[in-house]
Every structure is written in structure tokens, then in C-alpha cells.
Amino acid sequence: MPLSLNRVDLNLFIVFEAIYAKRNLTRAAEILCLTQPAVSNALARMRAAFNDPLFVSTPGGMVPTPVAENMFGRVAEALQLLNSSIQEGNRFAPATAEKTFRVSMSDLAETLILPAVGEILQSQAPGVRIESYYTSREDVSRQLASGLLDLAVDAPLLNDPQLRLAPMLEETYVCMLREDHPLADRPLTLESYLSLGHIHVSSRRQGMGHVDVALNKLGQRRNIKMRVQHYLVAPQIVLASDLALSAPLRLARGYPAKILDLPFTLPPLALHLYWHRSADLDQANQWLRAKLLSVVGASPDMAA
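Residues numbered from 1 in each chain as written. Predicted model: local features only at pLDDT ≥ 70, side-chain atom pairs only at ≥ 80, totals over all residues. Heavy atoms only, no water.

Draft legend 1. Spatial organisation of the overall build of the protein chain. On a plain count of helices and strands, the protein chain comes out with 11 helices and 12 strands. Principal-axis analysis of the C-alpha atoms gives the protein chain an extent of 80 × 45 × 30 Å. Counting over 304 residues, the protein chain shows a buried share of 47%. The contacts in the protein chain between residues at least 6 apart in sequence include a share of 72% that link residues at least 24 apart. Where the 29 positive side-chain charges of the protein chain centre and where its 29 negative ones centre are 4 Å apart. (Helix = DSSP H or I, 4+ residues; strand = E, 2+ residues; numbered from the N terminus. Buried < 20%, exposed > 50% of the residue type's maximum accessible area, 1.4 Å probe, protein only. Contact = heavy atoms within 4.5 Å. Lys, Arg positive; Asp, Glu negative; His and termini not counted. Charge placed at Lys NZ, Arg CZ, Asp CG, Glu CD.)

What follows is the structure, given as C-alpha cells:
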């Protein structure tokens, strides 16, 4: 007998989404406020209903089967639509709202965006909270679809057709030196740039960055003296040493440093704002999108 909707407990789809997002029964139980045995029982019922294991236990977590992978996109969208329908009658009023938004962004994006957003929350939405953390690009689409994330700020490299986006900013890269650096008052040539010791910011243990890729095309290589994980510490190192940092202009302007044009062509930093299409008409999501875009001078009308 073909499976029909009236023979399936719709609550099971909520459990399905949580397991898919967390890949772990205990963590799924935590976000659902259920016991782990209750989640295991729900999974057993789903397996019987769909005649498929749905998730296979491995050392790396619960891996979805092809059937589960095929189901997830539509299940997540349907749950988001149901949630939006429930909330539709409640207009979002920032001044009185009590809500937590979860946004994925890097520490650089946090530095460029969140200080101004903090001022907005204090004056316009005192009950609204933002939790910011970095989510790998492999997981962003899934977490936006499941509702674990509300928004994501990232480079224009996410191509999921279920996502909507708006360009946020394009920022020129410059070279930062301390104000009394021996080269601070001279024109920065390629030769003098390459003579400097440089700070490279990357969360990876090895590999070239975009600056190195651009120099490599010129047949050149810079002298990287320090590799750090986060942009926030790099300007402090510049101010205390003779090292140079190639950084977005918007970041460099926040420090008492000498700012020089780079002597070679480097693509600008580009950041986009992403959200799942099921949240397109959600008033709370719309409000935060507008605020994030406004603090960097972007327009919500550019959404695609």
C-alpha cells in the first residue's frame, strides 16, 4: 500500500530534520528538548514508515542514506513554510520583540558589520539578540534550510538554488604599516612590498591566500613572517612591529596605521548575505537583512 501523509505522524519530520542537521541522536534530542530514547524511537518509526534506514551510524556520525538526502530539501522547506504560516499573523515589532537570530560569518565580517548592528539593537530592538559563529560552506545551505541558521555572510561562492542572496560589499585591499615604519612615507612599489615581512591571515594550516595567488601570477612571492588565524590580531601585530598586512580598507581605517595602495592588482573582498528562500517573506528575517545591509551601505533591492 503506497505511503500517504495521513498515515505518518508529522512530528517525525521535525525529528528527521534535527537528526539530519546534527548527525547525532543525542544532539538532536537536545535541540528538540527530548530524551535520546525518544529520538531513537522516532527514528525507528520513520525507518518502518519509509522502509529505509534513513541514517546509518558511522564513527563520524549518522550519515543520511540516498533516500534521506532526497527527502531533506522538501521536508526542510515544508517545515519552514509551516513555521512561517504559524508566525504570519504575528507582525515583527523590533521595539518589543524577544528573539535570537543566528548568523554565520567570519571574524573579519564580524569586525566590519557587528559594531554598527550592536548600536541598532540597543536603540531599536533591545530584546533582540544575535549569535554569530562561523559555519563551513559545506554546512551553510543545510543549516539555513533547517532553520539552525537565519542568515549567513560569506564570499559569493554558495550556489545552492534554494538560497537567496544580496550583495553586501566590495572592499579594496590595501597595505597596512605602522605610522613610523621606515617605508611609511615612501611610495609603495612592488619591489619595496616584496622586501617587507608580511602577516598572512588564514584559518588553514597551510596553503596560499588570494594575495599570494595574485603575486604568483606575476612570478613573485612575498616573505610571510607570521601566519595567524584571525584578522583581529593582525593589525595589533602591525602596530607593534615592522611587519605589513594586506587587508580590506574598511578594516585598516579602524587603526592608527599608515595605509598604502597595493602595487599590484588584487580582486576586492566581496561578501554576500544569504538566506533560505522559505524565509524570504518572514518579517523578522526581512528586518535583520535590511539592517545588516544598511550598515555597509548596501541595498535590499539588490536581492537575487
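Draft legend 2. Spotlight on the packing of aromatic side chains. Within the structure shown, the criterion is met by 7 aromatic pairs. Here F13 and F50 contribute two aromatic rings whose centre-to-centre distance is 6.2 Å and whose plane-to-plane angle is 70°, an arrangement assigned as edge-to-face. One end of the pair, F13, is in helix α1 (residues 11–22); the other, F50, is in helix α3 (residues 36–50), with 37 residues separating them in the sequence. Exposure remark for F13: the relative accessible area of 15% places this residue in the buried category. Between Y20 and F72, the aromatic rings sit 3.8 Å apart at their centres with planes inclined by 5°, giving stacked as the arrangement. (Phe/Tyr/Trp six-rings, centres within 6.5 Å; stacked < 30°, edge-to-face > 60°.)

Draft legend 3. Looking closely at the nonpolar core. Within the largest apolar cluster, 63 residues are counted, with the highest numbers of intra-cluster contacts made by I113, V153, M168 and Y193. The leading source of residues in this core is helix α5 (residues 107–124), at 7 residues. Apart from the residues lying within four places of it in its own chain, the contact partners of V153 are V103, S104, M105, A109, I113, M168, L271, H272 and L273. In terms of nonpolar packing, the next biggest core, distinct from the first, is built from 25 residues, V8, F13, V39 and A68 among them. (Core = buried A, V, L, I, M, F, W, Y, C linked by side-chain atoms within 4.5 Å.)

Draft legend 4. Representation of unusual backbone geometry in the model. The residue R23 is not glycine, and still its phi comes out positive at about 55°. Summarising the element assignment, R23 is placed in the loop between α1 and α2 (25–32). A positive phi angle is found at C33, which is not glycine, with a value near 60°. Residue position: C33 is located in the loop between α2 and α3.

Draft legend 5. The sheet that holds strand β8 (residues 197–201), seen in detail. Taken together, 5 strands build an open sheet; the order of strands is β9-β8-β10-β7-β11 and the sheet is mixed. This sheet does not close on itself; its edge strands, each paired only once, are β9 (223–228) and β11 (257–261). Within the sheet, the average angular offset between the axes of one strand and its neighbour, ignoring direction, is 35°. (Pairing = 2+ DSSP bridges. Axes fitted to C-alpha atoms, helices over the stretch in contact; angles between N-to-C directions.)

Draft legend 6. Focus on the side chain of R142. For R142, the location among the structural elements is in helix α6 (residues 137–146). On the basis of relative accessible area, R142 is assigned to the buried category, the value being 13%. The contacts of R142, once residues within four sequence positions are left out, are Y20, A21, R23 and F72.

Draft legend 7. Seen up close, the pattern of salt bridges. In total, this model carries 13 salt bridges according to the counting rule given. Residue E98 is joined to R129 by a salt bridge in which the shortest nitrogen-to-oxygen separation is 3.4 Å. Here R129 lies in strand β4 (residues 128–133) and E98 lies in the loop between α4 (66–87) and β3 (99–104), a separation of 31 residues in the sequence. Overall, R129 belongs to the partly exposed group, its relative accessible area being 41%. (Salt bridge = Lys/Arg side-chain N within 4 Å of Asp/Glu carboxyl O.)

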